[in-house]
Amino acid sequence: MKKILITGGAGFIGSHLAKRLLSIGDHEVHVIDNFDNFYSQKQKDGNVAGVKRVGNFHFYNIDIRDAQALSTLPRVDAIFHLAAKAGVRPSIADPKVYFDVNVAGTQNLLEFAKEKSIKKFVFASSSSVYGVNENVPWNENENLQPISPYAASKLSGEMLGHVYHKLYDIQFLALRLFTVYGPSQRPDLAIHSFFRKIKNGDAINVNGDGTTDRDYTFVG
């Protein structure tokens, strides 16, 4: 049986991942979350309830900035690090907290992996690290030009992973996700907003001239 740790497991992507791992069997899933108030805890409680209906798992109310609390967690075979302060615009208003959570928190988890000899680490990065690079479609080898504290914090997390891979042989994989959508999506994101307005019979706001293109990633 593989033991898996998911950070941010009460959130949108994390709860889907937990359900998936439990549904395919042979996994012992450990979930941590601190129920950050970026959006309703009621929705996160519903996410956790959905995971419980699929299978047994271990839940810990832990903030990834608390290295001492992390050190009490059991050794696992792999870490899926999804916990983060999300959102580009809020990061501009309060950059310090984004670096506290997304950079210092990520380093705490990499230290945890080092101390517990955990060699597999998957990190939820973001397509925002590409920034203002106009050479589309992008590929992994593009020049990265982040233009928000959120994007810079995600790129910093990738660089920390590179360091811990080189120093401690941790297999670090960064997924540059393009706005993930699907059931239980975060309410601040565009597709959630569109469907909510369609359901309520409200008009959808159009910004610019309507010609903007955007890539999305389905949560499944």
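## Notes on the nonpolar core
With 26 residues, the main nonpolar core has Leu5, Ile32, Leu73, Ile79 and Phe121 as its most contacted residues. Every element with two or more residues in this core is listed here: helix H3 (67-71), helix H5 (95-115), strand E5 (120-126) and helix H6 (149-168). Here this core takes 8 residues from H5, the largest share from any one element. Ignoring sequence-local partners within four residues, the contact set of Ile79 consists of Leu5, Leu109, Phe112, Ala113, Ile118, Lys120, Phe121 and Val122.

## As for the side chain of Ser91
By secondary structure assignment, the location of Ser91 is in helix H4 (residues 88-93). Here Tyr150 takes part through its backbone nitrogen, which lies 3.0 Å from a polar atom of the side chain of Ser91. When sequence neighbours within four positions are dropped, the list of residues in contact with Ser91 reads Tyr98, Ser148, Pro149 and Tyr150.

## Re the sheet that holds strand E3 (residues 58-61)
Taking strand neighbours across the sheet as the criterion, the 6 strands line up as E3-E2-E1-E4-E5-E6 in an open arrangement whose pairing is parallel. Both outer strands of the open sheet, E3 and strand E6 (171-177), are each paired with one neighbouring strand and no more. Direction aside, neighbouring strands of the sheet carry axes that sit 15 degrees apart on average. Helix H1 (residues 12-23) contacts strand E1 (2-7), strand E2 (27-33), strand E4 (78-81) and E6 of the sheet and is inclined by roughly 165 degrees relative to E2. Across the sheet, H6 touches E5 and E6, and the angle it forms with E5 is around 160 degrees.

The rules behind these values
Residues numbered from 1 in each chain as written. Predicted model: local features only at pLDDT ≥ 70, side-chain atom pairs only at ≥ 80, totals over all residues. Heavy atoms only, no water. Core = buried A, V, L, I, M, F, W, Y, C linked by side-chain atoms within 4.5 Å. Buried < 20%, exposed > 50% of the residue type's maximum accessible area, 1.4 Å probe, protein only. Helix = DSSP H or I, 4+ residues; strand = E, 2+ residues; numbered from the N terminus. Contact = heavy atoms within 4.5 Å. Polar contact = N/O pair within 3.5 Å; in protein donor to acceptor, adjacent residues only side chain to side chain. Pairing = 2+ DSSP bridges. Axes fitted to C-alpha atoms, helices over the stretch in contact; angles between N-to-C directions.

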